[in-house]
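# Close look at the chain arrangement
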Amino acid sequence: MAGTAVAGTLDGVLDSIIAGDCIEVMRRLPAASVDLVFADPPYNLQLKGELHRPDNSRVEGVTEAWDRFAGFADYDRFTRAWLAEVRRILKPHGAIWVIGSYHNIFRVGAALQDAGFWILNDVIWRKANPMPNFRGKRFTNAHETLIWASREEGARYTFHYEALKALNDGVQMRSDWLLPICTGHERIKDADGQKAHPTQKPEALLHRVILATTNPGDVVLDPFFGTGTTGAVARMLGRHFIGIEREPAYRRIAEERIARVRPFEAESITVQGSKRAEPRVAFGTLVERGLLRPGEELWSLGGRHKAKVRADGTLVGRDVTGSIHQVGAHLEGAPSCNGWTYWHFRRDGCLIPIDVLRQQIRAEMAATH
């Protein structure tokens, strides 16, 4: 699964892990070639000494060399360098997610804005099972912050609002996500039974990010690939991935992990689309097509109000004439009204929403493309 970057193309690197420094590797990738970047950079924890539990057992924190920097200036230079390459390789409609803790996320956020990215949301990952604060001198660090940003202000980007709403039991997805940290079978261990990576992210977190902000077939790049959570979830969801990782031990684990992943069936990864993205159908089209006839009566749900269809696609009610939305709002004494769900036609004694006829026309339009 190891890949070799080829200048000017993604040939040879899709669905592979590239060995090397992320900045150097990204410089070899073509501009505007990636749909989404998920970045879990070093947090620059600045740890001083070991941390122990009350029973004097040592806490396994992040002590690896890749998380050590000479100071804030050194970390900032590193951050600006990799963000510059990310922005270059992102497609115009592409976006980036960055995750971090209080040690680094504010510095990364400022660097994002300085580089020209446009922040769309900050999301709080609230950990259902955080590690306690053993010293008892601070609050328990129970969350991490993700920043979601488009390539620039005003740029188009992918967001499956309806799919996220469905994922959240029909309620609009909020920007605070309660998810557990990696434990049990998901936590990858090394040969000695220790954590293979100190900051392995849960697959549930990446599932939500990738489902929300990419489409099947998109390219997701992770410049700090670690043990391959991004690649594993991307593969499951029918996306391509590119991983960059300089540590050989992590690459081996990630390769073995992703090789075991079986992608979901194409039908299973289709997400619920946004209604705003569907083709526009005017109410008058229903009249032109003969699905509703001039003079036919429409009823509000419950039959409290009625109006008649006119040949020009307007309605005439008791004391009002106008569009399906205007007439509905007037009759209800409301500032606005969605006429597609408000008005119903009668067939075989049943009231049926006129939106059914709109969806019928949309289905015919889709079949001809």
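Just so you know, these numbers come straight off a predicted model, no measurement behind them.

### Remarks on the pattern of salt bridges
- For the structure on display, the rule yields 18 salt bridges.
- We note a salt bridge from R174 to D176, for which the minimum N-O separation is 2.9 Å.
- Residue class for D176 comes out partly exposed when judged on its relative accessible area of 31%.
- E296 is paired through a salt bridge with R347; the nearest N and O atoms lie 2.8 Å apart. Of this pair, E296 sits in the loop between α8 (283–288) and β10 (297–300) while R347 sits in strand β14 (residues 343–347); the two residues are 51 residues apart in sequence, bridging distant segments of the chain.
- On the accessibility criterion, R347 (32% relative accessible area) is partly exposed.
- Ionic contacts of the salt-bridge type, sharing partners, join the residues E24, R27, E85 and R88 into one network.

### Thoughts on empty space enclosed by the protein
- This model, assessed by the stated rule, comprises one cavity of 30 Å³ or more.
- In this structure, the largest cavity is lined by D35, H93, G94, A95, Y157, T158, T213 and D218.
- For the lining of the largest cavity, the element with the highest residue contribution is strand β4 (residues 90–100), accounting for three residues.
- Residue classes in the lining of the largest cavity are distributed as two nonpolar, four polar and two charged.

### With respect to the pairing of strand β5 (residues 118–127)
- Relative to strand β6 (residues 143–150), β5 runs antiparallel, the two being bridged by eight bridges. Across the sheet, W118 pairs through a bridge with S150, a residue of β6.
- Where β5 meets strand β7 (residues 176–179), four bridges bridge the pair, whose relative direction is parallel. Looking across to β7, one finds that R126 is bridged to L178.

Thresholds, definitions, all that
Residues numbered from 1 in each chain as written. Predicted model: local features only at pLDDT ≥ 70, side-chain atom pairs only at ≥ 80, totals over all residues. Heavy atoms only, no water. Salt bridge = Lys/Arg side-chain N within 4 Å of Asp/Glu carboxyl O. Buried < 20%, exposed > 50% of the residue type's maximum accessible area, 1.4 Å probe, protein only. Helix = DSSP H or I, 4+ residues; strand = E, 2+ residues; numbered from the N terminus. 1 Å grid on protein atoms, 1.4 Å probe; cavity = no way out; pocket = protein on both sides within 12 Å on 5 of 7 lines; lining within 4 Å. Points joined across faces, edges and corners; volume = space filled by probe spheres on them. Nonpolar A, V, L, I, M, F, W, Y, C, P; charged D, E, K, R; others polar. Pairing = 2+ DSSP bridges.

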